Amino acid sequence: MIKRIDAHVHIRGMGSAEEVRKQVDSYRAQGIEKIVLIEPPGEVLQAMKLCGDFIIPVFRVDADTATPQEIRDYFQMGCKGIKFIGPRYAYSDPRYMPLYQTVADHGGVAVFHTGYLTHRDYRIYTHVNLFDMAPAHLDHIARQIPELKMLMSHYGNPWWEEAWKVSYSHENIYADLSGGTAYIRSMNLWKERFAPNGRLHTESVRKLCFASDIVYLREDTDPKPYFDFYDKLMEEIGASEELIKKVSYDNISALFSLD
């Protein structure tokens, strides 16, 4: 069984402590050792009380209202990363740089939603311009704050090629294929990206991270479609056992300084 860390998950309420423990045991029986939980601070802290070290805590913030002091306080509360999503300006806008620098100063991870963002809740996301969350903005941030560790969520959907170039080019930018789109695309698309003309391009694969973007800690959670997708991808591109281990577990462990 492959040991994994799911690098991008959510929760929508939790059951009793006993129910949560059973669910965590069930995930670990499937090979999920830990999850990167991305929610507002209160919800993540509650989950940490019930789940212990199963949770890698990432606090979601509003970049347009958050302050560097708020970010500092969150790291004091135990978070290991900050999630940025739905900004009113481009991620690379200078007004956000003090927030990113604060994350870097604490050795934390800046998790960026990249690409398409759901329009289901119009009250929250009416201001969103997808171009403000394109992978190219992470390139600019990396040039300004090269010590900032970044996780590029959703591989820039639909800017796959841009995401490939940005993550491949910067040592401090990792990426995942989480969400409801990447895993339903043709495997040929991904094979050509990571093994062009049938030849494995290790440098563009070695910082990928297993991730689902599904809701955990409830009975109907099923990460298996994402297991199948990542396993098939690794098989199709001819990834070594060492590379599979990096994608499945080691990259996130290193990124969040778990060991």
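Residues numbered from 1 in each chain as written. Predicted model: local features only at pLDDT ≥ 70, side-chain atom pairs only at ≥ 80, totals over all residues. Heavy atoms only, no water.

### Considering the packing of aromatic side chains
Then, in step 1: Under the definition given, this model contains 18 aromatic pairs.
Then, in step 2: Plain terms: the ring middles of Phe 84 and Tyr 100 are 5.1 Å apart, the flat faces sit at 85 degrees to each other, and that makes the pair edge-to-face. Taken together, the residues span a long stretch of sequence, with Phe 84 in strand β4 (residues 81-84) and Tyr 100 in helix α4 (residues 97-105) at a distance of 16 residues.
Then, in step 3: An aromatic cluster of at least three residues, connected via ring pairs, comprises Phe 84, Tyr 91, Tyr 96, Tyr 100 and Phe 112.
Then, in step 4: Arg 95 extends its terminal NZ or CZ atom over the ring of Tyr 89, reaching a point 3.6 Å from the ring centre.
Then, in step 5: The positively charged end of Lys 207 is found above the aromatic ring belonging to Tyr 174, 5.9 Å away from the centroid. (Phe/Tyr/Trp six-rings, centres within 6.5 Å; stacked < 30°, edge-to-face > 60°. Helix = DSSP H or I, 4+ residues; strand = E, 2+ residues; numbered from the N terminus. Lys NZ or Arg CZ within 6 Å of the ring centre and 35° of its normal.)

### As for the sheet that holds β4
Then, in step 1: Within the open sheet, the 9 strands sit side by side as β8-β7-β6-β5-β4-β3-β2-β1-β9. Their pairing is parallel. The sheet terminates laterally at β8 (208-209) and β9 (215-216), the two strands that pair on one side only.
Then, in step 2: With 2 bridges connecting them, strand β7 (residues 173-176) and β8 associate as parallel partners. Residue Asp 176 lies in a different strand from β8, and its bridge partner there is Cys 209.
Then, in step 3: Most of the contacts of α4 go to β4, to which it runs at about 155 degrees, and overall it touches β4 and β5 (109-113). (Pairing = 2+ DSSP bridges. Contact = heavy atoms within 4.5 Å. Axes fitted to C-alpha atoms, helices over the stretch in contact; angles between N-to-C directions.)

By themselves these figures say nothing about function.
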